[in-house]
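Residue-level listing of the chains:
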Amino acid sequence: MDISPSRNWIDPAPCLPETSGAGGVLTSGQVASWRRHGFAFVDGVLPAELLAQARADSLALFPNAGSGEAEHVTDFGSSGKMAFPSESAAANALTLHPRLLRAVAQLLDVDVRRLRLTQSDLWPKYGRHERTGGSGDNADQRMHLDYPNHYLTHPPPWERPEAVEILLYLSDVESCGGATAVVPRRGDDDPAYAWPMVNMPGVGEHEWINDRATAEATLAERAPAVAAWRATHLYRRERPVKYRNGSVLFYRHDIWHRGTPIDLGALRLTMNMTFRKAESEWISTLSPGWAWAMYRPSRVMERLIADASVEQRTVLGFPPPGHAYWTVETIDAVAARYAAQGIDMTAYRVALNVGAKTVPPR
């Protein structure tokens, strides 16, 4: 992996330390970077023990780096193996970690209870000998924005962000390569961020192609002005992030970025997460609905709901205390549903002014 200064690396900056309260996680400078430039790249958000356990859980499920099976992993995702809610308690805990939620709330300038989770998956990317995925191969991505497969619409003007995307790295760039490259926004008159943002494969008349070489060659043939614009304003300005195990890249649906190749025979593990404002319903939930997991024999989702804080439940779409959904009848019914897992409905009863009550399991 070339980590020479000539590559114009972006280094992670330490976030604020853990406190006993519910204060901020990101510094004012990191929040300003996300809002002005489209990303904040930080270290120290999440505890080392959870990161280590999530990595171990993943390595037990995924093909070994350099194996024949790994040569055929050419696309994104974990094929459901580590999608939230997974059987990895550590991965689930990382997804809903209070410090992560508070950081996202800082960026969007909202209360944690106004956040909604739309995506969480821990997936591998391998350094392969052959790019067997054709035009959809993810080894060396074309420069792109993430909004087309999240939004039913188009992101609003820059000063009105609606969502935060997250890359949590469980590997080290010096051992496996595969740095994410970003194009920092330079201001309202930045030509790379001219409105509307449609100069990419998969939008409008441009065919969806993931492989960089194929995408740019196709654009050069069919839309030469777009290809020239991308070469000038995107690729020449890209900067790779020098991630470490535990580094977090907070970014946006409307920032240009791409994945670069993993070193041959290596494995990079990342968690991809997205949180939106509760009211932004035109941003779709990419992961299968959380309730779909309720019939698993492990009861992973039932236990997660019962053990979660009020804020964590709300991020998953559970009505917050005081919501119109809650009546004496619905509180009792939900308490009965999760009684075997020991759910505490006190906060919901207090908000309704009905006091505490325990519903025994049936």
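Residues numbered from 1 in each chain as written. Predicted model: local features only at pLDDT ≥ 70, side-chain atom pairs only at ≥ 80, totals over all residues. Heavy atoms only, no water.

A. Region of the structure containing the pairing of strand 9 (residues 267–277). Of all 11 residues in strand 9, 11 are buried, a share of seventy percent or more. In terms of strand pairing, strand 3 (residues 115–126) meets strand 9 through 11 bridges, oriented antiparallel. Paired with Lys 125 across the strands is Arg 268, a residue of strand 9. (Buried < 20%, exposed > 50% of the residue type's maximum accessible area, 1.4 Å probe, protein only. Helix = DSSP H or I, 4+ residues; strand = E, 2+ residues; numbered from the N terminus. Pairing = 2+ DSSP bridges.)

B. Quick peek at the sheet that holds strand 3. Read across the sheet, six strands follow the order 1-2-7-4-9-3 without closing on themselves; strand pairing throughout is mixed. Two strands close off the open sheet at either side, each with one partner strand: strand 1 (13–14) and strand 3. Both strand 4 (residues 163–169) and strand 7 (residues 248–251) contribute to a ladder of four bridges, which runs antiparallel. By the bridge assignment for strand 7, Glu 165 is matched with Tyr 251. In this fold helix 1 (residues 28–37) packs onto strand 1, strand 2 (39–43), strand 4 and strand 7, with an angle of close to 150 degrees to the strand it touches most, strand 2. (Contact = heavy atoms within 4.5 Å. Axes fitted to C-alpha atoms, helices over the stretch in contact; angles between N-to-C directions.)

C. Spotlight on the layout of surface pockets. For the largest pocket, the calculated volume is near 730 Å³. Phe 76, Gln 119, Asp 146, Asn 149 and Asn 272 are, among the 37 residues lining the largest pocket, the residues nearest its centre. Breaking the lining of the largest pocket down by element, the ones donating at least two residues are strand 3, strand 4, strand 8 (257–259) and strand 9. Taken together, the residues of the lining of the largest pocket break down into 14 nonpolar, 16 polar and seven charged. There is about 270 Å³ of room inside the second largest pocket. Sorting the residues of the lining of the second largest pocket by element identifies helix 3 (89–95) and helix 8 (300–307) as the ones contributing at least two each. Element by element, the count of residues in the lining of the second largest pocket is highest for helix 8, at four residues. (1 Å grid on protein atoms, 1.4 Å probe; cavity = no way out; pocket = protein on both sides within 12 Å on 5 of 7 lines; lining within 4 Å. Points joined across faces, edges and corners; volume = space filled by probe spheres on them. Nonpolar A, V, L, I, M, F, W, Y, C, P; charged D, E, K, R; others polar.)

D. Summary view of the packing of helix 6 (residues 212–222) against helix 7 (residues 224–233). The geometry of helix 6 relative to helix 7 is characterised by a closest axis approach of 5 Å and an angle of 135 degrees between their N-to-C directions. The angle between helix 6 and helix 7 falls in the class oblique. On the side of helix 6, the interface is formed by Glu 216, Leu 219, Ala 220, Glu 221 and Arg 222, while helix 7 contributes Pro 224, Val 226, Ala 227 and Arg 230. Among the residues making up the contact of helix 6 with helix 7, the classes are represented as five nonpolar, no polar and four charged. (Parallel < 35°, antiparallel > 145°, perpendicular 65-115°, else oblique.)

E. Here's a closer look at unusual backbone geometry. With an omega of -5 degrees, the peptide bond between Phe 84 and Pro 85 qualifies as cis. Mapped onto the fold, Pro 85 is located in the loop between helix 2 (48–59) and helix 3. In this structure, the amide linkage connecting Trp 195 to the following residue, Pro 196, adopts the cis form with an omega of -10 degrees. With respect to the helices, strands and loops of the structure, Pro 196 is situated in the loop between strand 5 (180–182) and helix 6. The phi angle at Ser 79 is positive, at roughly 55 degrees, despite the residue not being glycine. By the secondary structure assignment, Ser 79 is in the loop between helix 2 and helix 3. Look at Ser 79 and you get exposed, because its relative accessible area is 74%. Positive phi outside glycine occurs at Arg 299, with the angle close to 55 degrees. For Arg 299, the position within the fold is in the loop between strand 9 and helix 8. Judged by relative accessible area, Arg 299 falls into the partly exposed class, the value being 42%.

F. How the structure looks around the side chain of Arg 276. Residue position: Arg 276 is located in strand 9. The buried charged residue Arg 276 lacks any salt bridge partner; its closest oppositely charged side chain belongs to Glu 281, at an N-O distance of 5.7 Å. A polar side-chain atom of Arg 276 sits 3.4 Å from the main-chain carbonyl oxygen of Ile 283. (Lys, Arg positive; Asp, Glu negative; His and termini not counted. Salt bridge = Lys/Arg side-chain N within 4 Å of Asp/Glu carboxyl O. Polar contact = N/O pair within 3.5 Å; in protein donor to acceptor, adjacent residues only side chain to side chain.)

G. Spotlight on the sheet that holds strand 8. Sheet architecture is open: three strands sit in the order 6-5-8, paired in antiparallel fashion. Both edges of this open sheet fall to strand 6 (239–240) and strand 8, since each of them pairs with a single strand only. As paired elements, strand 5 and strand 6 share two bridges and run antiparallel to each other. Residue pairing in the sheet places Ala 181 in a bridge with Pro 240 of strand 6.

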